[in-house]
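# Observations on the three-dimensional arrangement
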Amino acid sequence: MQALWNIAVNAFMELVRQPVFLLLMTSSALFEIFLAVPYYFAFGDEPKLVKNSALAVALLSGLAGSVLSASASVARELRTGTALAVLSKPVGKTRFLLAKYLGLAAALTVLTYVNVVAALVAGRMAFDAYGETDVRALGIFAGAVVAAYLYGGFANYFLRRPFVSHTIGALIPLVTLAAVLIGEFSPHAPSLYEQAAYDWRILPAGLLILFALWLLAAVALACSTRLEMIPTLAVCTGVFLLGLVADYLYSRMGGTLEGGPWWATTLYTLLPNWQLFWLGDLLETGRGSFHWGYVGKALAYTVGFVGALLAVAAALFEDRELS
């Protein structure tokens, strides 16, 4: 277990030190905040549009992050020979892959947390045609991001510490503090009829997006045992797009709620259904209640799927020649 923990921590630290990881995190979070700035004239549906768009940005940035992180953590180490140095010690290939996945999942959790906090702030800043842009909230959140970068530059220049990892470490508490300050000291009214407030349904929606990203990370990890970054991105994008229309494809193959042909049911079972992880419909239908039991079922679905994908990855990696 000590070797598993050490490899997982090293994999996590290696990923959060990648400049592209910091760029992806800050650009996606700031873009989510930007979504609440323009005037849309969407006939009163502007808040719903902003919330759904912010969650979609979090999902797509996580897709890119999972592919880039898996390729950097596994494919590059196999190509450069670093993995051989680790596996020459009493560490099995299965344990090596499991540790890499745990580090990758932890990095995606950090990325998703920052994006979900930004989605919460963007949902609170959203306004309809009768409102106006919450400039104060925009300044507070942007100031938190700038402060994190200034701290990373200070730690790098004066303390000789890694810039990227220290900036990410500062972003997490600073964006959280910014969200608290915006909620307490930015009394913004998005319209003439509604007071600004956080829509806490974004939290379970973001948690389900995190589960989807964990599943995508397992797909990317399995591909990275044999493929480089561009083919891995192509495969993950194909799996993602097919999973979005899994219900439609199953119905076209003759499947119904009661069942269907065995081959259609098998393909439908093997293909991840990303619609199970999307709560945009709940955000569209007002402030209805949400059952956390669904999150538990989605977590069980994710654990089972990830376990199967890691088994496939271990089988692909077992006979891979290392040099």
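Coordinates for the structure precede this section.
Analysis parameters
- Note that residues are indexed from 1 along each chain, following the sequence as it is written.
- Reporting in this predicted model follows two pLDDT cut-offs: at least 70 for local features of residues, and 80 or more for side-chain atom pairs to be given and counted; totals over whole chains, interfaces and linings ignore these cut-offs and use all residues.
- Values reported for side chains reflect all heavy atoms of the structure, with hydrogen atoms and water molecules removed beforehand.
- Runs of E in the DSSP output that reach at least two residues are strands. Runs of H or I that reach at least four are helices, and both are numbered from the N terminus.
- Within this document, salt bridges are pairs made up of a side-chain nitrogen of Lys or Arg and a carboxyl oxygen of Asp or Glu, the two lying within 4 Å of each other.
- When accessible area is computed with a 1.4 Å probe and restricted to protein chains, residues below 20% of their type maximum are described as buried, those above 50% as exposed, and intermediate ones as partly exposed.
- Detection works on a 1 Å grid of protein atoms alone, calling trapped sets that fit a 1.4 Å probe cavities and calling open sets with protein on both sides within 12 Å along at least five of seven lines pockets, with lining residues defined by an atom within 4 Å of a point.
- Grid points are joined across faces, edges and corners, and a volume is the space filled by probe spheres set on the points.
- In this classification, the charged set is Asp, Glu, Lys and Arg, the nonpolar set is Ala, Val, Leu, Ile, Met, Phe, Trp, Tyr, Cys and Pro, and all remaining amino acids, among them Gly, are polar.
- A fitted line through C-alpha atoms serves as each axis, taken over the contacting stretch for helices, and the angle formed by two N-to-C directions is quoted from 0 to 180°.
- Note that the term roughly parallel is reserved for angles under 35 degrees, roughly antiparallel for angles over 145, roughly perpendicular for angles of 65 to 115, and oblique for everything else.
- Crossings are sorted by hand: turned counterclockwise from the far helix by less than a right angle, the near helix makes the crossing left-handed, and turned clockwise it makes it right-handed.
- Note on contacts: a residue pair is in contact if any heavy atoms of the two residues lie within 4.5 Å.

### Remarks on the environment of Phe96
Relative to the helices and strands, Phe96 resides in helix α5 (residues 93–125). For the pair Phe96 and Leu4, spaced 92 residues apart in sequence, the C-alpha separation works out to 7.1 Å.

### Points about the pattern of salt bridges
Inspection of every chain in the model, using the stated rule, returns three salt bridges. Residues Lys51 and Asp199 are paired through a salt bridge, measuring 2.9 Å at the closest nitrogen-oxygen approach. With Lys51 in helix α3 (residues 46–80) and Asp199 in the loop between α7 (163–185) and α8 (202–224), the pair connects residues that are 148 residues apart, well separated along the chain. Given the relative accessible area of 8%, Lys51 is considered buried. Of the residues examined, Asp199 reaches a relative accessible area of 3% and is grouped as buried. A salt bridge links Asp134 to Arg124; the nearest nitrogen and oxygen atoms lie 3.9 Å apart. Of this pair, Asp134 sits in the loop between α5 and α6 (135–158) while Arg124 sits in helix α5; the two residues are 10 residues apart in sequence, bridging distant segments of the chain. One continuous salt-bridge network, built from bridges that share partners, spans Lys51, Asp199 and Arg201.

### Thoughts on the layout of surface pockets
Approximately 290 Å³ is the volume found for the largest pocket. Forming the boundary of the largest pocket are 15 residues, of which Tyr113, Val116, Val117, Leu120 and Leu203 lie nearest the centre. Among the elements of the structure, α5, α7 and α8 are those that each provide at least two residues to the lining of the largest pocket. Grouping the constituent residues of the lining of the largest pocket by class yields 11 nonpolar, four polar and no charged.

### What to know about empty space enclosed by the protein
Counting across every chain of the model gives one cavity of 30 Å³ or more. Empty space within the largest cavity amounts to approximately 30 Å³. Taken together, Met25, Thr26, Ala29, Leu30, Val114, Val145, Leu171 and Val175 form the lining of the largest cavity. Elements represented by at least two residues in the lining of the largest cavity include exactly α2 (19–34) and α7. The greatest single-element share of the lining of the largest cavity, amounting to four residues, is contributed by α2. Its residues assigned to classes, the lining of the largest cavity comprises seven nonpolar, one polar and no charged.

### As for the packing of α2 against α7
Across the interface, α2 lies against α7 with an axial gap of 9 Å and an inter-helix angle of 30°. Taken together, the axis directions place α2 and α7 in an arrangement best described as roughly parallel. Every pair of crossing elements has a handedness; the one defined by α2 and α7 is left-handed. From α2, Pro19, Phe21, Leu22, Met25 and Thr26 reach across to α7, where they touch Phe163, Val164, Thr167, Ile168 and Leu171. Among the residues making up the contact of α2 with α7, the classes are represented as eight nonpolar, two polar and no charged.

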